[in-house]
Amino acid sequence: MRKKDIVKEQGDQLLVDLIEKLQAEIALESDLDQTTMDLSDDNIAASKILQAKYSFLYKEARHRNTRFSGFTNAISQ
């Protein structure tokens, strides 16, 4: 394998790992949001930031044509 391919593969794996982590955080947060009566402004802002991070990383992974064949639905092709 060429060094360029190895570096891309490592970057793609890091990107997929970050996306999976954010997916888990979003799922946990959405479960908590449903049981909370009144969300604070800080929680709402944190939720929007988390969604923005996920959206950015997901778009970046799609732009890089990242392929993932794990158990989660991190990147689908």
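For clarity, every value in this text was computed on a predicted model and none was experimentally measured. (Residues numbered from 1 in each chain as written. Predicted model: local features only at pLDDT ≥ 70, side-chain atom pairs only at ≥ 80, totals over all residues. Heavy atoms only, no water.)

Draft legend 1. Highlighting the overall build of the protein chain. Helix and strand counts for the protein chain stand at 2 helices and 0 strands. When burial is assessed residue by residue, the protein chain has 19% of its 77 residues classed as buried. Here the analysis covers contacts within the protein chain between residues at least 6 apart in sequence; of these, 67% occur between residues at least 24 apart. With an accessible surface of roughly 6200 Å², the protein chain has 56% of that area assigned to carbon and sulfur atoms. (Helix = DSSP H or I, 4+ residues; strand = E, 2+ residues; numbered from the N terminus. Buried < 20%, exposed > 50% of the residue type's maximum accessible area, 1.4 Å probe, protein only. Contact = heavy atoms within 4.5 Å. Areas by Shrake-Rupley, 256 points an atom, 1.4 Å probe, with all protein chains shown as cover.)

Draft legend 2. Structural detail: helix α2 (residues 41-63). Compared with the 33 Å implied by 1.5 Å per residue over 23 residues, the 33 Å span of α2 between its first and last C-alpha is a close match. Among all positions in α2, only S47, L50, Y54, L57 and A61 are buried. Downstream of α2 by one or two residues, N65 has phi in the positive range, about 55°. (Expected span 1.5 Å × (residues − 1).)

Draft legend 3. Up close: unusual backbone geometry. Positive phi, normally seen in glycine, also occurs at N65, with a value near 55°. Tracing the backbone shows N65 in the segment after α2. N65 gets classed as exposed once you look at its relative accessible area, which sits at 53%.

Draft legend 4. Highlighting the pattern of salt bridges. Evaluated as defined, the whole model comprises 4 salt bridges. For E25, the salt bridge is made with K21, and the minimal N-O distance between the two is 4.0 Å. Taken as a pair, E25 and K21 lie in helix α1 (residues 3-35) at a separation of 4 residues, close to a single helical turn. For K21, a relative accessible area of 51% gives the class exposed. If you follow the salt bridges from partner to partner, you end up with K8, D12 and R64 in one network. (Salt bridge = Lys/Arg side-chain N within 4 Å of Asp/Glu carboxyl O.)

Draft legend 5. Looking closely at the packing of aromatic side chains. Tallied over the entire structure, the rule returns 1 aromatic pair. Taken together, a centroid distance of 6.0 Å and an interplanar angle of 25° make the contact between Y54 and Y58 stacked. Of this pair, Y54 and Y58 are both found in helix α2, 4 residues apart, which corresponds to roughly one turn of the helix. A residue is classified by how much of its surface remains accessible, and Y54, at 19% relative accessible area, is buried. Classification of Y58 as partly exposed rests on a relative accessible area of 24%. (Phe/Tyr/Trp six-rings, centres within 6.5 Å; stacked < 30°, edge-to-face > 60°.)

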